[in-house]
Amino acid sequence: FYSLNYMHKLNIAHRDIKPENILIDGFNGTQINVKFTDFGFATYFNDQDKLKEQMGSPLYMAPEIVKGHLYDQQVDIWSTCIVIYTMLTGRPAFYGSTKDEIYRAIRDDEIEFGLEFRNISKEAIDFLKKGLHKNQFKRHNCSQMLNHKWFTNENKSSMLDKSNQSLTHISRNMR
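Summarised in this report is the structure supplied together with it. (Residues numbered from 1 in each chain as written. Predicted model: local features only at pLDDT ≥ 70, side-chain atom pairs only at ≥ 80, totals over all residues. Heavy atoms only, no water.)

## Details of the overall build of the protein chain
Where we set the bar: Helix and strand assignments follow DSSP, with helices taken as H or I runs no shorter than four residues and strands as E runs no shorter than two, numbered in order from the N terminus. In this scheme, a residue with accessible area under 20% of its type's maximum is buried, one over 50% is exposed, and one in between is partly exposed, where area comes from a 1.4 Å probe on protein chains only. We call two residues in contact whenever any of their non-hydrogen atoms come within 4.5 Å of each other.
The helix and strand tally for the protein chain stands at 7 helices and 4 strands. Each helix and strand of the protein chain, ordered N terminal to C terminal, gives the series α-β-β-β-β-α-α-α-α-α-α. Burial statistics for the protein chain: of 175 residues in total, 43% are counted as buried. Long-range contacts, defined as pairs at least 24 residues apart, comprise 62% of the intrachain contacts of the protein chain with a sequence gap of at least 6.

Written as structure tokens, this is what we have:
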């Protein structure tokens, strides 16, 4: 979220955040260096002129893009939280065998926090709920996400423990 916050402060919306466009550039035991790539859909934005083009990868698109509504940088919050959801659970947040089925699920279905979340902290679940609010105007922005308890210093060690457990779970499932 630090990288995303930096981009948003420069009035840049990425619009295509997905696992393939996120690189891990090292881990020093307490900090993971993350880089975003593929800025082909990125654009400048301002508060007066909202964006309208349908951009991004279907599994990570925010509801406002799918619905054809005007949108802003908040679509990046949604996409980033969908990536985190997938990392923590090992499965996508929405299913469908076609793009239209995925779009319908994004528009109409509620995100489930079921059995996959039994070992995930309440703070992590709350963090995701704040970033995955279907109403873009109620969705937290980067600053709010960075100040969330799951992201602050007081919770970093447990966050890293949970993340390491989830990453281990994901790597086992990928074998």
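More follows now that the structure is in view.
## Focus: the packing of aromatic side chains
For the record, the criterion: When the centres of two rings from Phe, Tyr and Trp lie within 6.5 Å, Trp using its six-membered ring, the rings pair. Their planes under 30 degrees apart give stacked, over 60 give edge-to-face, and anything left gives tilted. The rule for a charge over a ring is simple: NZ of Lys or CZ of Arg within 6 Å of the ring centre, and within 35 degrees of the ring normal.
Evaluated as defined, the whole model comprises 6 aromatic pairs. Judged by centre distance (5.2 Å) and plane angle (50°), the ring pair of Tyr-85 and Phe-117 falls under tilted. Of the two residues, Tyr-85 is situated in helix α3 (residues 74-89) and Phe-117 in the loop between α4 (99-108) and α5 (122-131); the sequence distance between them amounts to 32 residues. The class of Tyr-85 is buried, set by a relative accessible area of 0%. Among the aromatic residues, ring-to-ring pairing joins Tyr-85, Phe-113 and Phe-117 into one connected group. Above the face of the Phe-113 ring, Lys-129 is positioned so that its terminal group lies 5.3 Å from the ring centre.

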